[in-house]
Amino acid sequence: MEQLKIAITKGRLLEDSIALFERAGYDCEALKKPGRRLIHPIGGSPFAGVLAKAPDVITYVEHGVCAMGIVGRDTIMEHSHDFYEVLDLGFGRCRFALAAPKDKDFYAGYETKRIASKYPRVAHDYFLSKGMDVSVIKIEGSVELAPLLGLADAIVDIVETGSTLKANGLEIVEEVCSLSARLIVNTAAMKLYRDEILDFIEKCRGAMT
Ligand code: PRP
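Not measured: the values here are computed from a predicted model.

Cut-offs used in this document
- Residues numbered from 1 in each chain as written.
- Predicted model: local features only at pLDDT ≥ 70, side-chain atom pairs only at ≥ 80, totals over all residues.
- Heavy atoms only, no water.
- Axes fitted to C-alpha atoms, helices over the stretch in contact; angles between N-to-C directions.
- Helix = DSSP H or I, 4+ residues; strand = E, 2+ residues; numbered from the N terminus.
- Parallel < 35°, antiparallel > 145°, perpendicular 65-115°, else oblique.
- Contact = heavy atoms within 4.5 Å.
- Nonpolar A, V, L, I, M, F, W, Y, C, P; charged D, E, K, R; others polar.
- Domains from an automatic or database assignment.
- Buried area = accessible area lost by both parts, 1.4 Å probe.
- Salt bridge = Lys/Arg side-chain N within 4 Å of Asp/Glu carboxyl O.
- Pairing = 2+ DSSP bridges.

1. With respect to the packing of helix 1 (residues 12–23) against helix 9 (residues 194–207)
When two helices pack together, you describe them by how their axes are tilted relative to each other and by the distance separating the axes.
Moving on, step 1. Remark: helix 1 packs on helix 9, axes separated minimally by 8 Å, with the N-to-C direction vectors making an angle of 100 degrees. Relative to helix 9, the element helix 1 is oriented roughly perpendicular. Packed against helix 1, whose contacting residues are Leu-20, Phe-21 and Arg-23, the element helix 9 presents Phe-200, Cys-204 and Ala-207 at the interface.
Moving on, step 2. Residues that form the contact of helix 1 with helix 9 fall into these classes: five nonpolar, no polar and one charged.

2. Some words on the domain arrangement of the protein chain
Moving on, step 1. Once the domains are mapped, the protein chain shows domain 1 (4–92 + 180–208) and domain 2 (94–177).
Moving on, step 2. Once you take the C-alpha centre of each, domain 1 and domain 2 turn out to be 30 Å apart.
Moving on, step 3. Each partner contributes residues to the interface: domain 1 has eight residues there, and domain 2 has nine residues.
Moving on, step 4. Summing both sides of the interface, domain 1 and domain 2 together bury roughly 720 Å²; the carbon and sulfur share of this comes to 50%.
Moving on, step 5. Considering only the side of domain 1, the residues that lose the most area to domain 2 are Asp-74, Met-77 and Glu-78, jointly responsible for 71% of the buried surface there.
Moving on, step 6. If you look at where domain 1 meets domain 2, you find one salt bridge.
Moving on, step 7. One salt bridge in this structure joins Arg-12 and Glu-160, with 2.4 Å as the shortest N-O distance.

3. A word on the sheet that holds strand 6 (residues 94–101)
Moving on, step 1. Here five strands make up an open sheet; going across it, the order is 8-7-9-6-10 and the pairing mixed. Both edges of this open sheet fall to strand 8 (134–138) and strand 10 (170–179), since each of them pairs with a single strand only. Taken over all neighbouring pairs, the strand axes of this sheet differ in orientation by 25 degrees on average, direction set aside.
Moving on, step 2. Taken together, the eight bridges between strand 6 and strand 10 define a ladder with antiparallel strand orientation. Bridge pairing links Ala-99 to Ile-172 in strand 10.
Moving on, step 3. Sheet contacts for helix 5 (residues 120–129): strand 6, strand 7 (113–117), strand 8, strand 9 (154–159) and strand 10; angle to strand 8, the most-contacted strand, approximately 170 degrees.

Following this line, the structure appears as structure tokens:
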């Protein structure tokens, strides 16, 4: 059988993913010292871990080159989801929030509001659900800058501790939804490698704290 692969989001989710796999009884020594190498075996499992950026985790799983993936619900909401979302892993907890400068009333006035976000689809859908017409501006990172520089009236972004908002004079206007890391599975792989995948899911489920 070819080596099965699980794409894991690099950055904040990687450490918690490794901790979960270790509690599930897998050997993650290689994943813990990745260097510049991007694919590492997960000892005791039929899987190799593939280190990828969050949107790419979804791309690799949707195309079936990775049977499974670990990615934040934020990325799933922003992109298509042609895969099974099988498990809320319980880590990477944060929320999507609408935030604006502390000293301003976001809803005051009648002009179309400008919303900056790394997640334009999430921002658009949120205001659509409120029946409010807004102009959404895509920003790639440090989105808190957009209202500070006068490009936007507010942001829709991830809030974890709230310290980035606070440090930049912004505050939450409304919470949009809560978020956490999810285990996703390619639909064809679920049929082809059902036993291997279900065994892995069950071991992870049992190891969740
Ligand atoms: C995320 C998010 C906020 C910050 C929230 O950005 O976009 O800026 O973290 O975390 P906090 O509530 O704990 O302060 P990230 O650090 O991923 O960097 P980026 O903005 O450059 O994408």
